[in-house]
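The lines below spell out each chain.
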Amino acid sequence: MTRPDQPAPAALWDDALFGPEAADYARYRPGLPDAAVHLLAATQHGVPDPVLLDLGTGTGQVPRALLPVLHRLVHIDLVDVNASMLEVARAALEPVRGGCTVDVFTGAAHTFAPAGPGRAPTLITCSRAFHWMSRPEVLSMADRVAAPHAVVAVMGDGSLWTHQADWTATLRELIQTYLGEDRRAGTRGTYAGPGRAYEDDLSDSAFSNVTEHRFPVARAWTPEDVIGYLRTTSFARPALFADRHHAFEAAVLRLLQEHARGGVLKEDTEFTVLLARRRGGDA
């Protein structure tokens, strides 16, 4: 599971990068496929008091998807360097968490430590965010804090920048006419090329027993939804365009309306889940 859309270093992921777009992020970012959610829940069968640690939680998509399926969750730790995202995530969980307790940790994932004893995570998740992190350090942290039979789940499905379709190729070209040929990664960096495969990171960690699960996903976007999504990305966020952002969005709308069929733009992709356990852990 080498991500072809690995951006610039993790230091770019902060309030300045995604804070102003937290509400758009919650509204326009695609959720997890149901099959992936049920796979995560199944890893906790037989665990009496599951504890979730969600790294790079963003607006809390993973715990919000898991709570209705994994009713036995007793505690959730939300980790992100972005305080605005954490505020949105905590608020979104409040009406659905029931008796499950929730803590937030603002900081880099590898610096996380549980707030109290008895909260060793039995499931550690990271969805669409592992590429921003110091991955070996994150996995070392996970080994320190996780329960003996904990499962680490690294998940993702790329982005509209990497998706191969006529309409996404044209969209990518339009972005490049405004921002240059290189893919931007926030205001201070550019795309630096593919990194090491996640499988290799996991294989070199304590969680070296790795299985891969792929789920086909068919999405239907409206042009307006794509524009909302672009505002949440590191490669087309509003601040990159300065006073040209309004003109850019108008051009995007015209382009997407030309490509839409019945008002819809189709994306067929795969959502990949890597489940990793310590050697000797339950399969």
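In this text the structure is predicted, and so the values were computed from the model without any measurement.

**A word on the pairing of strand β5 (residues 151-156)**
When you tally the buried positions in β5, you get 6 out of 6 residues, the bulk of the element. When strand β4 (residues 123-127) meets β5, the two strands line up parallel, connected through 5 bridges. Across the sheet, the residue bridging to Ser 127 is Met 155, located in β5. Crossover β4 to β5 through helix α6 (residues 135-145) is right-handed. In terms of strand pairing, β5 meets strand β7 (residues 265-277) through 6 bridges, oriented antiparallel. By the bridge assignment for β7, Gly 156 is matched with Thr 272.

**Points about the packing of aromatic side chains**
Under the definition given, this model contains 7 aromatic pairs. With a centroid separation of 5.4 Å and an interplanar angle of 80°, the aromatic rings of Phe 105 and Phe 112 are classed as edge-to-face. Measuring from ring centre to ring centre gives 5.1 Å for Phe 130 and Tyr 198, while their planes differ by 85°; the resulting arrangement is edge-to-face. Taken together, the residues Phe 130 in the loop between β4 and α6 and Tyr 198 in helix α8 (residues 198-203) connect sequence positions 68 residues apart. The exposure class of Phe 130 is buried, given its relative accessible area of 3%. Within the aromatic cluster, the residues linked to one another by ring pairs are Tyr 178, Phe 241 and Phe 248. Geometry around Phe 130 places Arg 135 over its ring, the cationic atom sitting 5.9 Å from the centre.

Scoring rules and cut-offs
- Residues numbered from 1 in each chain as written.
- Predicted model: local features only at pLDDT ≥ 70, side-chain atom pairs only at ≥ 80, totals over all residues.
- Heavy atoms only, no water.
- Buried < 20%, exposed > 50% of the residue type's maximum accessible area, 1.4 Å probe, protein only.
- Helix = DSSP H or I, 4+ residues; strand = E, 2+ residues; numbered from the N terminus.
- Pairing = 2+ DSSP bridges.
- Right-handed = clockwise from strand over helix to strand, strands pointing away.
- Phe/Tyr/Trp six-rings, centres within 6.5 Å; stacked < 30°, edge-to-face > 60°.
- Lys NZ or Arg CZ within 6 Å of the ring centre and 35° of its normal.

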